[in-house]
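The primary structure of each chain is shown beneath.
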Amino acid sequence: MGDESVPYLLGEGTTKTYQIPISHLDYKFIEKCTDVKHLEKILRVLRSGEEGCYPELTLVCEKRIEHLDPRSRALRKDKPAATASDFTAEEWEAINSELTSWLTEMNEDDKKSQLLRTDTLNERQDNLPPIRCSSSCLSTNQNKKLQNKRSKKNIPRDYSEWDKFDVEKECSKIDEDCEESNSKARFFSRPSLAAIEKKIDTTGMTKREKIFIATREKEKGNEAFATGDYVEAVTYYTRSISVIPTAAVYNNKAQAEIKLQDWDSALQDCEKVLDMEPGNIKALMRRATVHMHLQNYQTAIEDLNKVLSVEPENSMAKKSLIEIEEKLKGLNPVSGPPGKGKKILIQEIEDSESGEGRGENAEECERRDGDKTSAAPAAARAAAGEPAMGNAHRKSHGKGGGKGHDRDTHKQKESAESRGKKGASEKSEKHLSDHEGEVNGYLRSHEKSESAEAEELCKSHRGGSQSAGGGSSTSLPPTAAKLKSEGNELFKSGQFGEAVLKYSEAIECVSGLGEQSPDDLSILYSNRAACYLKEGNCSDCIQDCNRALELQPFSLKPLLRRAMANESMERYRQAYIDYKTVLQIDSSIQAAHDSANRITKTLIDQDGPSWREKLPPIPVVPVAAQLHRWDGGSLPSENKPSTVDVNREEQLQMNREEAMEKFKRLKNEGNDFVKTGEYEKAANKYSECMKLNTEECTVYTNRALCYLKLYKYEEAKRDCDHVLQTEDSNIKAFYRRALAYKGLQNYQASVDDFNKVLLIDPNVLEAQKELEEVTQLLHLDSSAGAGSEQTRGKKITIREVTEADEQEERQLATSEDAETHHVPAEEAVPKRVPQRSSEKLCVWEPSNAYDFGQIINAVNANKDKAACADLLTITDPKTLPVLLSNKLEGEILLIFIQSLEHYIAGKDPGLAYQHLFYLSKAERFKVVLALLSKKEKEEVQQLFDVLSESQSDQYSLEHLESLKKVYEL
Amino acid sequence: MSAALGPERPQVVAHAQQALSYTVFDCKWVPRSARLLCLGSAARGTGVVQLYELHGARLELLREIEKPKPIKCGTFGATSLQQRYLATGDFDGNLNIWNLEAPEIPVYSVKGHKEIINSIDGVGGLGIGEGAPEIVTGSRDGTVKVWDPRQNDTPVANMEPVQGESKRDCWTVAFGNAYNQEERVVCAGYDNGDIKLFDLKTMSLRWETNIKNGVCSVEFDRKDINMNKLVATSLEGKFHVFDMRTQHPTKGFASVSEKAQKSTIWQVRHLPQNRDIFMTSGGSGSLHLWKYEYPAQRSKKDSEGSEMGVAGSLSLLQNVTLSTQPISSLDWSPDKKGLCVCGAFDQTVRVLIVTKLNKI
């Protein structure tokens, strides 16, 4: 060591004991020496005084040793007991007063207990265990003792021993013997702790005794806890509580249970503490921990906030809070916060299930319809038209049924959820897996009913229902259908891997046949995606969903599955988009709502308040897709007998009927208004009806009628469009839209619609008449020039013609007998559709800007290009800027352009040029031009083309070109 | 341990002391009171029991009882909290149980041993330890006997060397493992350094070892739990702490030993409120306060896959020297944490306060 290497500088010899060089007894050496043992020796020499007394050096040596090894035994010195001088005055005071108060307490208590003592003693004695078997003798010599004892037990005893024979004891001895046969094992394994009584018999104990025992058990618990023996700790805390329940012990027990991850008990205990002491910081902290582990992050955060409100500096609480927030971010996707994750899990299954149910039922229904109406004239009608044409009763019923169905599934969701929660509380540790099991069980039981349907489905398949040709989605080849149903079965029984194989085969089979049945293929992909999702194979799931969606855009299930898969993969943005899309299609999917909300939170955490900016655009779901879903959702419920809760069903029925009642009333009121000609009010009534039931097509067609009467062609057209999206063969809607188009002077569209009406029902005379009329108009339109010549007079007269319209209505109504009941009003309404076909706007030469404005407005309202052309013909182009003043608008410009193109450019290109030229000089021209749409610009371009073709002395091509530039072409 | 050495280090304060006119062998706190008992031998060869009460910093003698034979040891361990009967062992080998309210006649008396009863311990009373109240006595006659106060004349268990074996002087006995009604062990220490562990449930010798020097005192850290630790002190100033949780088939229990001083360690007593703190009293009139620190893993597997214990470490919290004579007896107050009484051969009994035990 270091000391040996030190040369003997002084050579004065060594100490008597230990033979330490004298030179080592030196400040410098001691300061540098790192060998504790050597220093200890030096210290001993110094203390002994054999080399002389050096108190200073001794102190330095002690300090050095303490510095190197604070636990060194050499440092232990005999010390006198501490006295008052070793403490500060306060400490001394505290020590003494504490003892004094204890003494007084003890003395008082002693007196009391002396009075209390007596008869309880016997009672206590009765509870005592029996006396140990007498005269058991045990050798202290290990070699012989076992044999000794054995023989003692097993051989007959002498008489004196029999006297003391204790049957019970002997019996228990025999038991023990059995135990002893494997006593070796028993010795070396820890005795089970279950053997510790959980309760302490406190009969006859005074309060003081109870406190004493409770405290003692608590201390035992604390010690066990300190050693890491949490099970034992919990046992002793329980014992303590059995004597006197105190908040502190519950609190400690909670902590031990947290260590044992017995979250549920810990939670209970924390709550007991908080019942006793509502503000207990430790309990709050512990409850927060428990909640955190149970993944009830919100409650955990609440608790932590409570802690922080009391102790703002509590670093533990702060830390946990941060931790939770991180977890909230990080954990959401996969295992998720069980509270919510659980929900997804259930709902996911719910959804996939009910979704499947829906899908299958829808298919089935369609097929049935197809079968029934196999003679129906149009495939479209078979698919969707029939219900649309059907009476309102049936439809609204179906709708109500749909709602009820939804409600039922909701209820089931709830029950599953509560079950899930229960499960979780029972076995919090592995509650996820448990839960899975439970859910699977649930799934299976629930899907039994479905499988029957599925079978039926397959049968009807093989029955060759394809021949009906009605349902587009039923054309699976038998092999594929078989594979699919097998896959479904496997899926239901939880064998997702094998289900994947079946679906894959089915997919091959179908895609081998070409792309003739995209819907089926889409469903297969979607099903396979579900399997992948179950397996946790998110990337494959997403791929399949993508394929399914390519084949059938905006179909619900693949979207939902893709969303879930994305969420699992923490691709929150994509997941969010998908959920939102799902909600556009069907806003009643609670799971999607929840998930979207959850993801929103996550994204806000992740990206801050501007998270939306980072989102890819959410695709707009076409209305058709939305409504298609609705059909799918509402129709099957009609066929599906409700299985749950008759009362609820009845109540639903009541609500539905109430709503129906109100709906009918409003509609009748609307019809009445129509009868009296108050179309405005009627339209309002119908609008109210729509609030109650957005699916009722008749209301839309009726309102369209009102709008037609009010010349609100645009609105009328919109209503008809809406109806036709739902029921693409609604004959009335077509008829009225035709009229609306006619009003909008879109004669071509009008003709098309009339043709559709006649296609559906060739016997509608009104349609035939109208068609003739419109075709004439169309013809007229094309030869507008002549038409413009015919117009005379200065007044615009819009004649209201009560014409054959009424009759038309009646005919229509009779052709669809189902309708009559509900829309009696329509028949009675005198029709006053303006017949602009035979009429022309009378245009006079405007004298001032006001006149001009009036005429333009009138022209514009009717989109009467001919009249406009007239106006332009009689107006001096040079005055245009003045007349237009600052009223030039896009519409006006457009109608000018159209009029010029259709009516004037052909006849008088010079005039057209002049108009264009002066139009460009008008106020606001630039602005209006800038606002023109592409299509409108094309029209302007066309006009220029016409002008460039037809030469005139009024302008040269160069002029035209420069003007073109002015028009930004 | 570093904390123990800082300003938070416990201090031992000599709160009160009382000079006695006889040799004190044992002193005991009367449970649930501020009174204490001193047991000893008067100069004329009789036994003395003195009852003192603590009044401030003064010990007030309440009662003095004289008995024919010097009293070596006593315990309250087998009595109920209400009765608080004292069990004593005397030089003549008698086990007596006294009602201190009426001490003229013992409530129980048996001539248990042929020679002096060196040590006595009780369990099943005071709410400490499940099962029947029992008293164990260890004697110079080499036997260790377990008594049930409800059974007269004969012990309920007798542990003695077989015929022909040399009898060893049993210096100390202790109960332990009484965590339920069946389980119970007795540990005995002998003058030759033997430590024997008797299992009263199976009536077998569960374990034995030898620590080379006479065993002056053994004590389990707690009697009423699944046995956890055992401290055995020796004649030569060493003491051993055994981890009693894991027993290896051949190696027995793991232990750590520490040499406190050069002289005999007469007594070891665990703090009733914290089993990991204990005080040893030494031949040189000194007291040492120790803390046992558990290892990270209390057991490990040996090469054959058997569980074996791992001993922890010991740290000295405080040491004081009170006397030049040995401190032969020591007792912590079961009711007041840190309050402690010790009797020394300088015929003085001292009441000590150990501070800051909460902060360890």
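In this report, we go over the structure that sits alongside the text. (Residues numbered from 1 in each chain as written. Chains lettered and ligands numbered in written order. Predicted model: local features only at pLDDT ≥ 70, side-chain atom pairs only at ≥ 80, totals over all residues. Heavy atoms only, no water.)

Side chains three or four residues apart in an α-helix point the same way, a direct result of the helix having 3.6 residues per turn. Residue and element names in this part refer to chain A. Relative to the 20 Å expected for 14 residues at 1.5 Å per residue, helix α14 (residues 263-276) spans 20 Å between its end C-alpha atoms, a close match to the ideal helical length. W263, A266, L267, D269, C270, V273 and L274 are the residues of α14 that are buried. Along the axis of α14, the buried residues cluster in a sector spanning 165°; they form a single face. Looking at the packing, one finds that the buried side of α14 touches α13 (247-259) and α15 (281-293). (Helix = DSSP H or I, 4+ residues; strand = E, 2+ residues; numbered from the N terminus. Expected span 1.5 Å × (residues − 1). Buried < 20%, exposed > 50% of the residue type's maximum accessible area, 1.4 Å probe, protein only. Arc of directions from axis to C-beta. Contact = heavy atoms within 4.5 Å.)

Here we take up the sheet that holds strand β28 (residues 327-332) of chain B. All names here are of chain B. Strand order in this open sheet of four strands is β1-β30-β29-β28, and the pairing throughout is antiparallel. Whereas interior strands pair on both sides, the edge strands pair on one side only; in this sheet they are β1 (12-19) and β28. Sheet twist, expressed as the average angle between the axes of neighbouring strands with direction ignored, equals 20°. As paired strands, β28 and strand β29 (residues 339-344) are joined by five bridges and run antiparallel to one another. Residue pairing across strands places L330 opposite C342, the latter belonging to β29. (Pairing = 2+ DSSP bridges. Axes fitted to C-alpha atoms, helices over the stretch in contact; angles between N-to-C directions.)

Okay, the pairing of strand β11 (residues 134-139) of chain B next. All names here are of chain B. Summarising burial for β11: six of the six residues are buried, a large majority. Burial along β11 is two-sided: E134, V136 and G138 and I135, T137 and S139, pointing in opposite directions, are all buried. In this structure, strand β10 (residues 117-123) lies alongside β11, joined through six bridges in antiparallel fashion. Bridge pairing in β11 links D121 to V136. Hairpin geometry of β11 and strand β12 (residues 144-147) is characterised by an intervening segment of four residues between the two adjacent antiparallel strands and by a positive phi of about 90° at G142.

Residue and element names in this part refer to chain B. Of note, T46 is situated in the loop between β3 (35-41) and β4 (47-55). Taking relative accessible area as the criterion, T46 reaches 16% and is therefore assigned buried. There is a polar contact of 2.6 Å between the side chain of T46 and the side chain of E66. For T46, the contacting residues outside a window of four places in its chain are G40, S41, E66, K67, P68, K69 and P70. (Polar contact = N/O pair within 3.5 Å; in protein donor to acceptor, adjacent residues only side chain to side chain.)

Moving on, we get to the sheet that holds strand β24 (residues 286-293) of chain B. Strand pairing in a sheet is mediated by backbone hydrogen bonds. Such pairs are either parallel or antiparallel. Residues and elements named next belong to chain B. Read across the open sheet, the four strands follow the order β22-β23-β24-β27; overall the sheet is antiparallel. Only two strands of the sheet have a single neighbouring strand rather than two, namely β22 (265-271) and β27 (313-321). Averaged over all pairs of adjacent strands, the angle between their axes in this sheet comes to 25°, without regard to strand direction. Pairing of strand β23 (residues 274-282) with β24, which is carried by five bridges, proceeds in the antiparallel orientation. Looking across to β24, one finds that T280 is bridged to H288.

Here we take up the packing of aromatic side chains. Tallied over the full model, the rule gives 15 aromatic pairs over all chains. Each ring, one from B:F239 and one from B:F278, has its centre 5.7 Å from the other, and the planes form 85°; the classification is edge-to-face. Of this pair, B:F239 sits in strand β20 (residues 238-248) while B:F278 sits in strand β23, and the two are 39 residues apart along the sequence. For B:F239, a relative accessible area of 0% gives the class buried. Members of the aromatic cluster, connected to one another through ring pairs, are A:Y913, A:F917 and A:Y918. We note B:K196 situated over the ring of B:Y190; from NZ or CZ to the ring centre the distance is 6.0 Å. (Phe/Tyr/Trp six-rings, centres within 6.5 Å; stacked < 30°, edge-to-face > 60°. Lys NZ or Arg CZ within 6 Å of the ring centre and 35° of its normal.)

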